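# Close look at the chain arrangement
So the chains spell out like this:
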Amino acid sequence: MQHPDITSALRTGYPANQSPENRDTQEAREDYIDEHMLELVKWLRLGYPEILDEFIEMSGQICSMSYKDWLN
């Protein structure tokens, strides 16, 4: 007797009750961004430098240390 997940995986490539469709969810997007943070910052520097300037200006409210404090 074989396990249903194994026979399903052999037949379809996926275990039973798992959709082969990749679902676009907010959680999946957050995980992807977390794993690609450096690439995101590089991309922002190229096309959206003003958002990084805004981050620097707001850093005291969202970071443990503001940019100005970091400079000193």
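### Focus: the overall build of the chain
Within the chain, the secondary structure is distributed over five helices and zero strands. The N-to-C order of helical and strand elements in the chain reads α-α-α-α-α. In summary, the chain has a C-alpha radius of gyration of 22 Å against a globular reference of 11 Å for 72 residues, an excess of more than 25%. Its C-alpha atoms give the chain principal-axis dimensions of about 70 × 25 × 15 Å. Per-residue burial over the chain gives 6% buried out of 72 residues. As presented, the chain carries roughly 6,900 Å² of accessible surface, and 54% of it is formed by carbon and sulfur atoms. Positive and negative side-chain charges of the chain, numbering 6 and 14 respectively, have mean locations separated by a distance of 5 Å.

### Quick look at the pattern of salt bridges
Evaluated as defined, the whole model comprises one salt bridge. Taking the shortest distance from any N to any O, the salt bridge between Arg29 and Asp24 comes out at 2.6 Å. Given the relative accessible area of 47%, Arg29 is considered partly exposed. With relative accessibility at 56%, the residue Asp24 sits in the exposed group.

How each quantity is defined
Residues numbered from 1 in each chain as written. Predicted model: local features only at pLDDT ≥ 70, side-chain atom pairs only at ≥ 80, totals over all residues. Heavy atoms only, no water. Helix = DSSP H or I, 4+ residues; strand = E, 2+ residues; numbered from the N terminus. Rg over C-alpha atoms; globule rule 2.2 N^0.38 Å. Buried < 20%, exposed > 50% of the residue type's maximum accessible area, 1.4 Å probe, protein only. Areas by Shrake-Rupley, 256 points an atom, 1.4 Å probe, with all protein chains shown as cover. Lys, Arg positive; Asp, Glu negative; His and termini not counted. Charge placed at Lys NZ, Arg CZ, Asp CG, Glu CD. Salt bridge = Lys/Arg side-chain N within 4 Å of Asp/Glu carboxyl O.

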